[in-house]
Amino acid sequence: MSSRGSFASKFGVLMATVGSAVGLGNIWRFPYQMANNGGAAFLLIYVVCVFLVGVPAMMAEFVIGRQTHKNAVGAFNQLAPNKAWRGLGYLGVFTGFVIDSYYCVVTGWTVYYLYLAVSGSLLGNSVEGYDELFSTFAAGEVAPIVTIIIVVMITSGILVMGVRNGIEKVSKLLMPMLFMLLIILAINSCCMSGAVEGLKYVFVPNFSQIGFDSFVGAAGQAFFSLSIGMGALITYSSYFGNDVNLTRTATQIAVIDMLVAIIAGIIIFPAVFTFGVTPEQGPGLVLKVFPVVFTRMSAGYIWSVLFYLLLFIAALTSFLSITEVVVAYMAENFKLKRWVAASMVGVMFIILGACASLSFGPLKSYTIGGLIIFDMLDYLASNILLPIGGMLTSLFVGWRLDQKIVASQLKVESPSQYKFFKVYIIFLRFIVPLAVGIVFITQFFS
Ligand code: PHE
C-alpha cells in the first residue's frame, strides 16, 4: 500500500466521497425526476431506496476497497482469484467509460453556462430564447467539444497531483464552498413569493402521480446519486485509512447526499413557482428554465453566477471520482506513471465525449432503439450497468466474501454490533438483490 496514495484525514475522506456522490445527479437530475414523478411522493420513495438499498450497497463497496487497497479490477482479482466474480472489476471500469463519456458533456454544459453567467450574457432572454440557446449550443460542433476539453484537462490535472494533493485538497476546498452556495441560494429562494407553493411541492406528497415508474426512477436515482455500482466507491475507499468507520461514513454520505438533493429542490421549486414556469420540464429544467428565472429575479446576475458555479463544482468533483476508477486501474494494472495514465484516459474521454456531444447535432441520426448516443449511454449506465454492478457487488460481499473479512472491516466487536452485522448480511444477500432485481426486470415490461 505504501506506493499508493491515501487520504490524509477523515475530513478529507468525507469531503472526497461526498464530492463523488453530490453531483449533477443531485442538482440537475433529482429535481426533474421529482417534477416528473409527483414531487414530495417521489422524495419519500427515494429516501426509502437510499436506506434500504443504497447504504448497504455503499458499505459493501467500502469493505472491498479498504480490504484490498486496490483499484476496482485489482480488488476483485485479489478477493476472487480465477473466479468469474473478477469480471465485476472490469464491469466497473467499463461503466466508468460509459458514464464519463456523457458526464463530461453535461459538465461541459455547466462550464458554458458559468461562462455565460459571468460574462453577463446569460440574462435577458425569453423562455423560447433559452430553449433555442441550449439546443443550438448542445448541437454545435465546436463549442461543446471545447468545454469537454477544458473539463477533461482540469480533471486530469487534479488526478495527476495524486490522491492527497489532488483529489483530497480540491474536495476539501470545493465541497464546503458548495455547501455555502447551496445554503445562500436556498435562503434566497425561501424569500420569494412562490416559496410556500414551492416548499409544499417538495414536502407535501401527492400520491396520485406515483406509478411503478416512480419506483424504478427512485432506485436508479439512488444508485446514480450515491455513485454505487461502478467501483468509484471501491477505488476511493482503497485510499481510506484504517481508522475510518465505514458504516458511519456510508450513512453520513447518504444523509448529506439526500439533504443536498432536497436543498436543490428548495432552491429550484420556489423559483419555478414564483416566476410561473412549469416544473415538469425534463432534463432541461436547470439549463433552459432557470435562466428565465434569473432574468426575472432582482440581482439575477449574482444569483446566476452562484448557481452555475454550484453546478460546475458538483459536476467536477463527481467527474473526478469516475475518472479516477479508470486512471487507478490503468496506472496500477499496466504499471504506468499516474500522469501517463491520466493523459491517456483524458484523450480517450475527449474522443468519447465528443461522440456523445455530437449526437445532439451531426450524429443525431445514429440511434439505437430510438435513442441518440448520449441518451443511450445514460440509459445503459443508470438503468442497466449501475444496478447490475451494485446488485452483483452486494451478492459478492454477502455470499462469496469471507464473513470474517466483512466483520473485521466493519469493526464488529460487541454482541449488539454482531446482531447488526447479521441483519446487514441479510440485506446484502436478499433485500438489496431482490429490490434491485425486481426494479431492474420490471422496467423492461412496463
Ligand atoms: N453520484 C454522481 C452524481 O450524483 C454521479 C456518479 C455516478 C459518480 C457513478 C460516480 C459514479 O452526479
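Reference entry: report on the structure contained in this document. (Residues numbered from 1 in each chain as written. Predicted model: local features only at pLDDT ≥ 70, side-chain atom pairs only at ≥ 80, totals over all residues. Heavy atoms only, no water.)

## A short note on the overall build of the protein chain
Moving on, step 1. Each helix and strand counted, the protein chain has 18 helices and 2 strands in total.
Moving on, step 2. Its C-alpha atoms give the protein chain a radius of gyration of 21 Å, within 12% of the compact-globule value 22 Å for 446 residues.
Moving on, step 3. Its C-alpha atoms give the protein chain principal-axis dimensions of roughly 60 × 50 × 45 Å.
Moving on, step 4. Within the protein chain, buried positions represent 59% of all 446 residues.
Moving on, step 5. When the 24 positive and 18 negative side-chain charges of the protein chain are each reduced to one mean point, those points stand 15 Å apart. (Helix = DSSP H or I, 4+ residues; strand = E, 2+ residues; numbered from the N terminus. Rg over C-alpha atoms; globule rule 2.2 N^0.38 Å. Buried < 20%, exposed > 50% of the residue type's maximum accessible area, 1.4 Å probe, protein only. Lys, Arg positive; Asp, Glu negative; His and termini not counted. Charge placed at Lys NZ, Arg CZ, Asp CG, Glu CD.)

## Considerations on a nonpolar patch on the surface
Moving on, step 1. A cluster of nonpolar side chains, contributed by V142, V146, I150 and I154, occupies part of the molecular surface with about 310 Å² of accessible area.
Moving on, step 2. For V142, the position within the fold is in the loop between α6 (127-138) and α7 (143-160).
Moving on, step 3. Classification of V142 by relative accessible area gives exposed; the value is 58%. (Patch = residues over 30% accessible without salt bridge, like charges linked within 9 Å, V, L, I, M, F, W, Y side chains within 5 Å. Areas by Shrake-Rupley, 256 points an atom, 1.4 Å probe, with all protein chains shown as cover. Salt bridge = Lys/Arg side-chain N within 4 Å of Asp/Glu carboxyl O.)

## A short note on helix α13 (residues 285-296)
Moving on, step 1. The first and last C-alpha atoms of α13 sit 16 Å apart over 12 residues, in line with the 16 Å expected at 1.5 Å per residue.
Moving on, step 2. The buried count for α13 comes to 9 of 12 residues, which makes it a mostly enclosed element.
Moving on, step 3. Here α13 has its buried residues at L285, V286, L287, V289, F290, P291, V292, V293 and F294.
Moving on, step 4. Next to the buried residues of α13 lie α2 (24-36), α5 (87-119), α6, α12 (246-274) and α14 (300-333). (Expected span 1.5 Å × (residues − 1). Contact = heavy atoms within 4.5 Å.)

## A short note on the side chain of D257
Moving on, step 1. Turning to its location among the elements, D257 is positioned in helix α12.
Moving on, step 2. Buried charge without a partner: D257 forms no salt bridge, and the closest opposite charge is R29, 11 Å away.
Moving on, step 3. If sequence neighbours within four positions are ignored, D257 has contacts with A21, V22, N26, Y46, S225 and L226.

## Quick look at the packing of α5 against helix α15 (residues 338-358)
Moving on, step 1. The geometry of α5 relative to α15 is characterised by a closest axis approach of 8 Å and an angle of 65 degrees between their N-to-C directions. Judged by the sense of rotation from one axis to the other, the crossing of α5 with α15 is right-handed. Mapping the contact onto sequence places G96, F97, D100, S101, Y102, C104 and V105 in α5 and M348, F349, L352, G353, A356 and S357 in α15. (Axes fitted to C-alpha atoms, helices over the stretch in contact; angles between N-to-C directions. Left-handed = near helix turned anticlockwise from the far one by under 90°.)

## Some words on the packing of aromatic side chains
Moving on, step 1. Following the criterion strictly, the structure yields 33 aromatic pairs and no others.
Moving on, step 2. Judged by centre distance (5.9 Å) and plane angle (85 degrees), the ring pair of Y112 and Y113 falls under edge-to-face.
Moving on, step 3. Pairing Y112 with F137 gives two aromatic rings, centres 3.7 Å apart and planes at 0 degrees, and the pair type is stacked. Here F137 lies in helix α6 and Y112 lies in helix α5, a separation of 25 residues in the sequence.
Moving on, step 4. An aromatic cluster of three or more residues is present, and its members are Y112, Y113, Y115, F137, F290, F294, F307 and Y308.
Moving on, step 5. Over the aromatic face of W399 sits the side chain of R429, whose NZ or CZ is 4.2 Å from the ring centroid. (Phe/Tyr/Trp six-rings, centres within 6.5 Å; stacked < 30°, edge-to-face > 60°. Lys NZ or Arg CZ within 6 Å of the ring centre and 35° of its normal.)

## Structural notes on the nonpolar core
Moving on, step 1. Core analysis: the largest hydrophobic core is formed by 164 residues, its most contacted members being W109, F290, F307 and Y308.
Moving on, step 2. Looking at which element gives the most residues to this core, the answer is α14, with 21 residues.
Moving on, step 3. Leaving out residues up to four positions away in the same chain, W109 has contacts with F134, F137, A138, T147, L287, F360 and F374. (Core = buried A, V, L, I, M, F, W, Y, C linked by side-chain atoms within 4.5 Å.)

## As for the site of the ligand
Moving on, step 1. Close contacts around the ligand come from 16 residues, with A21, G25, Y103, F224 and S227 the closest.
Moving on, step 2. S20 places a polar main-chain atom, nitrogen or oxygen, 3.2 Å from a nitrogen atom of the ligand.
Moving on, step 3. For the ligand, an oxygen atom lies 3.1 Å from a polar atom in the backbone of L24.
Moving on, step 4. When isolated, the ligand has an accessible area of 330 Å², and the protein chains bury 100% of it.
Moving on, step 5. Among the detected pockets, the ligand sits in the largest cavity.
Moving on, step 6. Listing elements by their share of the shell around the ligand, those giving two or more residues are α1 (10-21), α2, α5, α10 (212-225) and α14. (Near = heavy atom within 4 Å. Polar contact = N/O pair within 3.5 Å; in protein donor to acceptor, adjacent residues only side chain to side chain. 1 Å grid on protein atoms, 1.4 Å probe; cavity = no way out; pocket = protein on both sides within 12 Å on 5 of 7 lines; lining within 4 Å. Sits in = over half its atoms within 2 Å of the grid points.)

## A short note on α10
Moving on, step 1. With 14 residues, α10 should reach 20 Å at 1.5 Å per residue; the first-to-last C-alpha distance of 20 Å fits that figure.
Moving on, step 2. Most of α10 sits inside the fold, with 11 of its 14 residues counted as buried.
Moving on, step 3. Those residues of α10 lying buried are S214, V216, G217, A218, A219, G220, Q221, A222, F223, F224 and S225.
Moving on, step 4. Of the residues flanking the end of α10, it is S227, one or two places downstream, whose phi is positive at about 60 degrees.

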